Amino acid sequence: MDGDPAVELELDSFSRILPLPYRVALIIVMGIWAWGLNLHYLSLIRIDVPSLIRYPARNSPHHPPHHLSCYRVAFALTVPLCLSLLLFWTLTNGSPSDVAAWEILPNLYLLVLVLGFIVPIPFVSRTGRHRTLATLKRISIGGIAEAQDGKFGDILLADALTSYAKVLGDLFISLCMFFSSKHSSTGPPNRNCGGFFWVPFIISVPSLIRLRQCLTEYSRVQKANKQTGQISPATGWGGVHLANALKYSTAFPVIILSAMQRNPEPSKFGMSEATLFRLWLVAVFINSAYSFWWDLSRDWDLTLLLGKRERVHPDYPYGLRRHRWFHAKEFYYVAIVIDAVLRCTWSFKLSPHLDHFNDMEGGIFLIQVLEVLRRWIWIFFRVETEWVRNHRGPAPDDILLGDFANASNKYEEDD
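The rules behind these values
- Residues numbered from 1 in each chain as written.
- Predicted model: local features only at pLDDT ≥ 70, side-chain atom pairs only at ≥ 80, totals over all residues.
- Heavy atoms only, no water.
- Helix = DSSP H or I, 4+ residues; strand = E, 2+ residues; numbered from the N terminus.
- Buried < 20%, exposed > 50% of the residue type's maximum accessible area, 1.4 Å probe, protein only.
- Contact = heavy atoms within 4.5 Å.
- Areas by Shrake-Rupley, 256 points an atom, 1.4 Å probe, with all protein chains shown as cover.
- Core = buried A, V, L, I, M, F, W, Y, C linked by side-chain atoms within 4.5 Å.
- Expected span 1.5 Å × (residues − 1).
- Bend = angle between axes of the 7 residues up to and from the residue.
- Patch = residues over 30% accessible without salt bridge, like charges linked within 9 Å, V, L, I, M, F, W, Y side chains within 5 Å.
- Salt bridge = Lys/Arg side-chain N within 4 Å of Asp/Glu carboxyl O.
- Disulfide = S-S within 2.5 Å.
- UniProt positions renumbered as here; feature names shortened; annotations may be inferred.
- Phe/Tyr/Trp six-rings, centres within 6.5 Å; stacked < 30°, edge-to-face > 60°.
- Axes fitted to C-alpha atoms, helices over the stretch in contact; angles between N-to-C directions.
- Parallel < 35°, antiparallel > 145°, perpendicular 65-115°, else oblique.
- Left-handed = near helix turned anticlockwise from the far one by under 90°.
- Polar contact = N/O pair within 3.5 Å; in protein donor to acceptor, adjacent residues only side chain to side chain.
- pLDDT = per-residue confidence, 0-100.

When its secondary structure is counted, the protein chain shows 18 helices and 0 strands. Of all 415 residues assigned to the protein chain, the portion counted as buried reaches 50%. Sequence separation of at least 24 residues holds for 72% of the intrachain contacts in the protein chain that already meet a minimum separation of 6. If you sum the accessible surface of the protein chain, you get close to 19200 Å²; carbon and sulfur atoms cover 68% of it.

By size, the foremost hydrophobic cluster in this structure holds 49 residues, and its most contacted members are Trp300, Phe381 and Val383. Only helix H3 (20–44), helix H4 (49–52), helix H5 (66–92), helix H7 (104–118), helix H9 (151–163), helix H14 (273–299), helix H16 (329–349) and helix H17 (361–391) provide two or more residues apiece to this core. The element best represented in this core is H17, accounting for 9 residues. When sequence neighbours within four positions are dropped, the list of residues in contact with Phe381 reads Asp299, Trp300, Phe326, Phe331, Tyr332 and Ala335. Among the nonpolar cores identified, the runner-up in size contains 8 residues, and Cys193, Val199, Ile203 and Ile255 belong to it.

Moving on, we get to helix H11 (residues 195–228). Here H11 contains 34 residues, and its C-alpha end-to-end distance of 50 Å stays within 8% of the 50 Å for a straight helix at 1.5 Å per residue. The largest bend in H11 comes to about 40°, at Val205, with the proline Pro206 one to four residues further on. Just downstream of H11 lies Gly229, where phi reads positive at about 80°.

Before going further, it helps to spend a moment on a nonpolar patch on the surface. Side chains of Leu87, Leu91, Trp102, Ile104, Leu108, Leu111, Val114, Leu115, Ile118, Val119, Leu133 and Leu136 sit close together on the surface and give an oily, nonpolar patch of about 950 Å² of accessible area. Counting residues per element, the ones that place at least two in the nonpolar patch are H5, H7 and helix H8 (126–139). No other element matches H7, which puts 6 residues into the nonpolar patch. You can see Leu87 is positioned in helix H5. Using a relative accessible area of 41% as the deciding quantity, one classes Leu87 as partly exposed.

What follows is about the state of the cysteines. The full count for this structure, using the stated rule, is 1 disulfide. Linked covalently through their sulfurs, Cys176 and Cys193 form a disulfide whose S-S length is 2.0 Å. Here the S-S torsion is close to -80°, and the disulfide linking Cys176 with Cys193 is therefore left-handed. Highlighted residues: Cys176 in helix H10 (residues 165–178) and Cys193 in the loop between H10 and H11, separated in sequence by 17 residues.

Turning next to the UniProt feature "transmembrane region" (unreviewed entry) in the protein chain. Here, the residues flagged by UniProt with the feature "transmembrane region" (unreviewed entry) are residues 20–49, 70–92, 104–124 and 276–294. A distance of 34 Å separates the end C-alpha atoms of residues 20–49, which is 87% helix and 0% strand.

Counted under the stated rule, the structure contains 21 aromatic pairs. Ring geometry for Phe197 against Trp198: centres 5.1 Å apart, planes inclined by 75°, an arrangement best described as edge-to-face. Their ring planes at 90° and their centres at 6.4 Å tell us that Tyr218 and Trp237 sit as a pair that is edge-to-face. Note that Tyr218 is positioned in helix H11 and Trp237 in the loop between H11 and helix H12 (239–249), a separation of 19 residues in sequence. A relative accessible area of 22% places Tyr218 in the partly exposed class.

In this section: the environment of Ala160. Topologically, Ala160 is positioned in helix H9. Given the relative accessible area of 17%, Ala160 is considered buried. For the pair Ala160 and Gly31, spaced 129 residues apart in sequence, the C-alpha to C-alpha distance is 9.1 Å.

For the pair helix H13 (residues 251–262) and H14, interaxial distance at closest approach is 8 Å and the crossing angle is 155°. When the axes of H13 and H14 are compared, the pair comes out roughly antiparallel. Relative to H14, H13 is oriented so that their crossing is left-handed. Contacts from Ala251, Pro253, Val254, Leu257, Ser258, Met260 and Gln261 of H13 reach H14 at Leu276, Phe277, Leu279, Trp280, Ala283, Val284 and Asn287.

In this section: the side chain of Thr303. In this fold, Thr303 is placed in the loop between H14 and helix H15 (308–311). Polar side-chain contacts of Thr303 include one of 2.8 Å to the backbone oxygen of Leu320.

This part takes up the environment of Ser43. Secondary-structure assignment places Ser43 in helix H3. Classification of Ser43 by relative accessible area gives partly exposed; the value is 31%. Each C-alpha atom of the pair Ser43 and His67 lies 8.5 Å from the other, and the pair is 24 residues apart in sequence. A distance of 2.6 Å separates the side chain of Ser43 from the backbone oxygen of His40, its partner in a polar contact.

Another point: the confidence of the model for the protein chain. Residues of the protein chain with pLDDT of at least 70 account for 86%, and the chain-wide mean is 85. In this model, residues 1–9 is a region of pLDDT below 50 whose contacts with residues beyond four sequence positions or in other chains number 19 contacts.

So, about unusual backbone geometry. Positive phi outside glycine occurs at Arg54, with the angle close to 60°. Position of Arg54 among the secondary structure elements: in the loop between H4 and H5.

Moving on, we come to the pattern of salt bridges. Tallied over the full model, the rule gives 19 salt bridges. We note a salt bridge from Arg138 to Asp154, for which the minimum N-O separation is 2.7 Å. You can see Arg138 sitting in helix H8 and its partner Asp154 sitting in helix H9, a full 16 residues away along the chain. With a closest N to O distance of 2.8 Å, Asp295 and Arg343 form a salt bridge. One end of the pair, Asp295, is in helix H14; the other, Arg343, is in helix H16, with 48 residues separating them in the sequence. One exposure class covers both Asp295 and Arg343, and it is buried. Overlapping salt bridges, with partners in common, bring together Asp295, Asp339, Arg343, Glu371 and Arg374 in one network.

Here is the structure:
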């Protein structure tokens, strides 16, 4: 911490209440509660999520259901977070200098958060913790299990990480400032901590993970076809995985162009600031539009963005599909609208250069929370779609995307 009162006073009012390390921790804990709610509601409507992700079933009625185990983890992490926040507010009382001085408190909680996943907790499932850590380890380098070993679970977790891309960037910034002698991690966020490269790279990592998973899937399909000497009617030639890889690659221009705009002298890249901004807007539009189309047409198997023949069908409501596990069609329409709005918002949030203004910290946090909400809704419909594919798959005339979809496996599709 530099100790300069003028710098201390730059701390915005929102960060005095909820400094950057606490915001990171709060969003992570919210995500755990959200996953528990996913498991709970889906179990109530008879969708067996553990079977879809190949998670071991409960062998005894005395064992708590999966959602209850998740709630226990969330509760065990929420209690110390609340206590830490109350102590922090009591000690700092909104004073910028005190907020910066007491940075040890939120960072101690981040340590508790990490230990909560590693150190055994008496009333928390050891199997669940071990399975989660093993999955994180596998996907951290872009690995992906075979279908029978939990591929769908790997996809869900890796996709969830893409929603936490900016949170991971903020975590790096917080730790960088904590270990810096010139800054406090609870002071004004220094978005340039670590230099020009590291924050954009960390934000890119979740998309890189999913990109490699898609390419691995494509390689598996090619290898299987080569062994049989023909293209499998179940998996096709793997084009769907390349298209999915392309979707994740559209995040990189947004991140790179954003980083270029944050540079003190963007003109050194041979383009004016106006040109860089226009290119960035184009990249944002491509990423948002492609991701939204993929959510509806591939992840949720809806027909809204397909041809008129698929959209308008006597066997199902406009833009949906024949087989649906959620009986109220309004659920699907509301989810479509929310996904469309928040997809665009989140693409803007991937942009580090928008974080330059301290008075936006509250808005930045709100957008991150909304992305957790979007991902929470997305999981309901993604899991429902996978359940329908496995237990009451689409009829031939419900196959989406024409010949392109016919080349993919309708039971073990990548998302």
